[in-house]
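Inside the fold
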There are 2 protein chains.
Amino acid sequence: MARVIVDIMPKPEILDPQGKAVQGALPRLGFGQFQAVRQGKRFELEVTGPATAEVLAAAHQAAVTLLSNPVIEDVVSVRAEPEPSLEDPTTQGPAA
Amino acid sequence: MARVIVDIMPKPEILDPQGKAVQGALPRLGFGQFQAVRQGKRFELEVTGPATAEVLAAAHQAAVTLLSNPVIEDVVSVRAEPEPSLEDPTTQGPAA
């Protein structure tokens, strides 16, 4: 079991109203050190087997065609995240 | 100039309708290898100076109090991302 992480952010030239709203609220809550905020999306895609190059390529294709809107968003990262090892002693050893 | 990345995901026990919608659409588009999808949020917070431990602590506090809804979401990562070409390429952000 592996997990693929896909990060999608609004393009730099696109107005990001959600990020602007957070940016406006932060100083009122005492967080004045942050000059700019942008809000994007993070997807976790689970696959049964390992995150092979083919799986990552498929995830990137899915990110471009379904997960993001290429007119206003960029796919900034597609990467594998190994599943955290479980405490169950019967699952010791490398994941199949 | 540094950038702090905050990743927020719905808690595992919380239904994620956006992720379910994506999960249902993926096989129809030929991406049958992904068994589960969850959708969360990714924030980029920009600070003028370096991403010190104090900045990361403030970002984590902001993530808990403003960026996420602690009832239904988990802050899964708060980490520094070095600005490209402005940082020593050997500099690595602290592990989350």
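Residues numbered from 1 in each chain as written. Chains lettered and ligands numbered in written order. Predicted model: local features only at pLDDT ≥ 70, side-chain atom pairs only at ≥ 80, totals over all residues. Heavy atoms only, no water.

**What about the overall build of chain A?**
Using the following cut-off: Only runs of H or I of at least four residues qualify as helices and only runs of E of at least two qualify as strands under DSSP, and these elements are numbered from the N terminus. Residue exposure (1.4 Å probe, protein chains only): buried if accessible area is under 20% of the type maximum, exposed if over 50%, otherwise partly exposed. Contacts between residues were defined by any pair of non-hydrogen atoms, one from each residue, lying within 4.5 Å. Accessible surface is estimated by sampling points in the Shrake-Rupley manner with a 1.4 Å probe; for residues, cover comes only from the protein chains shown.
For chain A, the count of helices and strands is two helices and three strands. Helices and strands in chain A line up, N terminus first, as β-α-β-α-β. For chain A, the proportion of its 96 residues judged to be buried stands at 38%. For chain A, contacts bridging at least 24 residues in sequence account for 77% of all contacts bridging at least 6. Entry remark: accessible area of chain A is about 5,400 Å², with carbon and sulfur atoms responsible for 60%.

**Topic: the side chain of Arg3(A)**
Residues and elements named next belong to chain A. Heads up, the rule is: In protein, a polar contact means a hydrogen-donor-capable atom and an acceptor-capable atom, both N or O and within 3.5 Å, with residues adjacent in sequence counting only if both atoms are side-chain atoms; elsewhere, any N or O pair within 3.5 Å suffices.
Take Arg3: it is sitting in strand E1 (residues 2–10). Relative accessible area serves as the criterion here: at 16%, Arg3 is assigned to the buried category. Separated by 3.0 Å, the side chains of Arg3 and Glu46 make a polar contact.

**Here's the deal with helix H2 (residues 53–67) of chain B**
All names here are of chain B. The test is simple: Directions from the helix axis toward the C-beta atoms define the arc.
Restricting attention to buried positions, one finds in H2 the residues Val55, Leu56, Ala58, Ala59, Ala62, Ala63 and Leu67. All buried residues of H2 lie within an arc of 160 degrees about the axis, which places them on one face of the element. What points out from H2, more than 90 degrees from its buried face, is the exposed set Ala53 and Glu54.

**With respect to the confidence of the model for chain A**
Residue and element names in this part refer to chain A. How we decide: The predictor's confidence in any single residue is recorded as pLDDT, a number from 0 to 100.
In the predicted model, chain A carries a mean pLDDT of 89, and the fraction of residues at 70 or more is 84%. Segment residues 88–96 is flagged for pLDDT under 50; beyond a separation of four residues in sequence, or across chains, it makes five contacts in the model. Scored as a complex, the prediction yields pTM 0.84 and ipTM 0.84.

**Details of the nonpolar core**
For clarity, the threshold we go by: Only buried residues count toward a nonpolar core, which is a set of Ala, Val, Leu, Ile, Met, Phe, Trp, Tyr and Cys residues joined through side-chain atoms within 4.5 Å.
By size, the foremost hydrophobic cluster in this structure holds 21 residues, and its most contacted members are Leu26(A), Phe34(A), Val4(B), Val6(B), Phe43(B), Leu45(B) and Leu67(B). Put simply, the parts of the chain that give this core at least two residues each are helix H1 (17–28) and strand E2 (34–47) of chain A together with strand E1 (2–10), strand E2 (34–47), H2 and strand E3 (73–82) of chain B. Ranked by residues supplied to this core, first place goes to H2(B) with seven residues. Once residues within four sequence positions are removed from consideration, Phe43(B) is found in contact with Val22(A), Val37(A), Arg38(A), Gln39(A), Val4(B), Ile5(B), Val6(B), Ile8(B) and Leu67(B).

**Let's talk about the interface of chain B and chain A**
Formally: Joining two parts hides part of their accessible area as seen by a 1.4 Å probe, and the buried area is that hidden amount summed over both. Just to be clear on terms, a salt bridge is a Lys or Arg side-chain nitrogen sitting within 4 Å of an Asp or Glu carboxyl oxygen.
Contact residues are listed per partner, giving 33 residues for chain B and 33 residues for chain A. Summed over both partners, the interface of chain B with chain A buries about 2,800 Å², with 67% contributed by carbon and sulfur atoms. Considering only the surface of chain B that becomes buried against chain A, Phe34(B), Arg42(B) and Leu66(B) emerge as the three largest contributors, covering 21% of it. Linking chain B with chain A are two salt bridges.

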